[in-house]
Amino acid sequence: MIRRSLVVILIATCLAPLISADDRTPTRELLLARNQEFQQEVIRVSERVYTAVGFGLSPVSMIVGDSGLVIIDSGLDPASGRRVLAEFRKVTDKPVKAIVFTHSHGDHTGGAAALVQDDTEVWAREPFNTEQRLFQEAGLTITQIRGFRQFGVLVPEDEIKHVGIGARYFPESVSNAQDSVEPVIPTHTFSSEGTTLNVAGLELELVAANGETSDQLFAWFDAERVVFAGDNFYKSWPNLYAIRGTGYRDVYAWIGSLTSMLKKKPHHLVGGHTRPIVGEAKVLEVLTNYRDAVKYVFDKTIEGMNKGLTPDELVEHAALPEKYRGLDYLRPYYGHPDWGVRSIFTGYLGWFDGNPTSLFPLGPREQASRMAELAGGREALERAVSEASEAGQYQWALQLVDHLLRLSPNDRSLLLTKADLLDTMSEQILNMTARNYFRAYAFELRTKVES
Ligand SMILES: [Zn+2]
């Protein structure tokens, strides 16, 4: 499917444009090294806190109380939930008294059916599940297709065993009778700034923390100074915008949530994905850099917006400084700073970039036709695609081939050219959601050609 030999030659001869100047480690090596992050293991974070990583897309944590357990997040599906529970049962057989959902995303709530018992309290924050509810009300379904692409559900597995923030793990089948259970609905919610949970002899503070979602919370276990951050922290540039499509994720509030976590002076940091960070000094350093890096991008974006810059210009204006780019936990394995910049712009100002040229642009087909004319005809435009590709200017080649495809949407040769370009580019990209999206889209194009 992928022209392997071509890809290898191209990688060997071209500089990967998404590798920063201060980072000489090849993209693929970084991605392979990251497999380690998602090895299955139950990590003892502190005396009573255990975190299971690598079983599903997100970690599942257990706090052992005198008379029972509190579970933080439940993983993606009941099958992975059962595997985690079996591991926890090697430590303790105490009953599960409460489950806390850090937010409503399915990779954190989907395993709860395997963990709840008859009287388990299930805690979450209101307004729970707003994002999905809004999509459903509007009849919006494209996010599912785009989500499949983002996670590479249909692309062949290779030696990179993860999707950027978690193990490459997809539920075996939705038709698996054992797993086709109703989702677990929270039994207890709060809508204030926070609440305190007293259960199983444990005290746990739940703090409202808008960020990736508007129902996000972080849990604070003061007795052992452990913060469970939900998806407002994991080791990667945060997903300020998800390419599957999302409403605006409030970056300003997200920065505030990170500051609130810092104020707790945690000794241990359990993120919504990736392995926990243990040790006061390291947690302080990581959380501070993380907050400051996001704040830098936010502040520079707003500054540029006030100068009238457009999203394309802002991506350059608000580029992440080198001091942050070399930090592994800020590398764009999952989210990407460029997308965060664009999202902040549209989150505040909507689609209009401020340039009157953009108010009534020519339609895509009209533009394509004029581009071909400008190039000296379609054949000249096709030659320009080949030349750009041979020169390693893949993004430019992609933009040019899109013009040609607008004029000839079913041209098999053009479709395959685009697929080749996407596959080649995917090998140069550190960001796993983009990598998967490129590969998945290329797969779809090839399927279209074969049908
Ligand atoms: Zn998540």
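Details of the structure are given in the entry above.
Residues numbered from 1 in each chain as written. Predicted model: local features only at pLDDT ≥ 70, side-chain atom pairs only at ≥ 80, totals over all residues. Heavy atoms only, no water.

A.B. asks: Just to check I follow, could you spell out the sheet that holds strand S5 (residues 96-100) for this structure?
C.D. replies: Strand pairing in a sheet is mediated by backbone hydrogen bonds. Such pairs are either parallel or antiparallel. The sheet built from seven strands is open, its strands ordered S1-S2-S3-S4-S5-S6-S7 with mixed pairing. Looking along the sheet, the strands with just one partner apiece sit at the ends: strand S1 (41-44) and strand S7 (188-190). Across the sheet, the mean angle from the axis of one strand to that of its neighbour is 20°, orientation sign disregarded. Examined bridge by bridge, strand S2 (residues 49-53) and strand S3 (residues 60-64) share four bridges and lie antiparallel to one another. Each residue of the ladder has a partner; that of Ala52, found in S3, is Val60. With respect to the sheet, helix H3 (residues 78-88) is in contact with S1, S2, S3 and strand S4 (69-72), its orientation differing from that of S3 by roughly 30°. (Pairing = 2+ DSSP bridges. Helix = DSSP H or I, 4+ residues; strand = E, 2+ residues; numbered from the N terminus. Axes fitted to C-alpha atoms, helices over the stretch in contact; angles between N-to-C directions. Contact = heavy atoms within 4.5 Å.)

A.B. asks: Can you help me understand the sheet that holds strand S13 (residues 277-278) in this one?
C.D. replies: Spatial strand order, S8-S9-S10-S11-S12-S13: six strands in an open sheet with mixed pairing. Looking along the sheet, the strands with just one partner apiece sit at the ends: strand S8 (194-199) and S13. Pairing analysis gives three bridges linking strand S10 (residues 217-221) to strand S11 (residues 226-230), with the strands arranged antiparallel. Counted as the bridge partner of Trp220 is Val227 from S11.

A.B. asks: What's the story with helix H7 (residues 251-263) in this structure? I'm lost.
C.D. replies: Think of an α-helix as 3.6 residues a turn; residues three or four steps apart then line up on the same face. Compared with an ideal rise of 1.5 Å per residue, which puts 13 residues at 18 Å, H7 spans 18 Å between its outermost C-alpha atoms and is within 8% of the ideal. Regarding H7, the residues found buried are Val251, Trp254, Ile255, Ser257, Leu258, Met261 and Leu262. Angularly, the buried residues of H7 cover 160° about the axis, an arc narrow enough to put them on a single face. Residues of H7 that are exposed and point more than 90 degrees away from the buried face comprise Tyr252 and Lys263. A distance of 3.3 Å separates the backbone nitrogen of Tyr252 from a side-chain oxygen at the start of H7, and that oxygen is part of Asp250. A positive backbone phi angle near 55° is found at Lys265, which sits one or two residues after H7. (Expected span 1.5 Å × (residues − 1). Buried < 20%, exposed > 50% of the residue type's maximum accessible area, 1.4 Å probe, protein only. Arc of directions from axis to C-beta. Polar contact = N/O pair within 3.5 Å; in protein donor to acceptor, adjacent residues only side chain to side chain.)

A.B. asks: Please clarify how the coordination of the zinc ion should be interpreted in this entry.
C.D. replies: Working reference: metal with six octahedral donors, ideal angles 90 or 180 degrees; metal with four tetrahedral donors, ideal angle 109.5 degrees. The coordination sphere of the zinc ion, as far as protein atoms go, consists of Asp107 (OD), His108 (NE2), Asp231 (OD) and His273 (NE2), spread over 2.1 to 2.4 Å. What the four donor atoms of the zinc ion show is an angle range of 88 to 160° at the metal, which sorts the shape as irregular. Counting along the primary sequence, the residues that act as donors to the zinc ion give the motif D-H-x122-D-x41-H. Residue His108 is located in helix H4 (residues 106-109), and its partner His273 is located in the loop between strand S12 (268-271) and S13; the two are separated by 165 residues in the primary sequence. One exposure class covers both His108 and His273, and it is buried. (Donors = N, O, S within 2.8 Å, 3.2 Å for Na, K, Ca; no water. Tetrahedral: all angles 85-135°; square planar, octahedral: opposite > 155°, others 65-115°.)

A.B. asks: Explain the pairing of S4 here, please?
C.D. replies: Along S4, one buried face is formed by Leu69 and Ile71 and the opposite face, lined by Val70 and Ile72, is buried too. Alignment of S3 against S4, held across four bridges, turns out to be antiparallel. In the strand pairing of S4, Met62 is matched with Ile71. In sequence, S3 turns back onto S4 through a hairpin of four residues.

A.B. asks: Sorry, what's going on with helix H15 (residues 412-426) here?
C.D. replies: The end-to-end C-alpha separation of H15 is 21 Å, in line with the 21 Å expected for 15 residues at 1.5 Å each. Taking burial as the measure, the 15 residues of H15 include eleven buried ones, the bulk of the element. Taken residue by residue, H15 has Leu414, Leu415, Lys418, Ala419, Asp420, Leu421, Leu422, Asp423, Thr424, Met425 and Ser426 as its buried positions. The N-terminus of H15 is capped by Asp411, whose side-chain oxygen sits 3.0 Å from the backbone nitrogen of Ser413.

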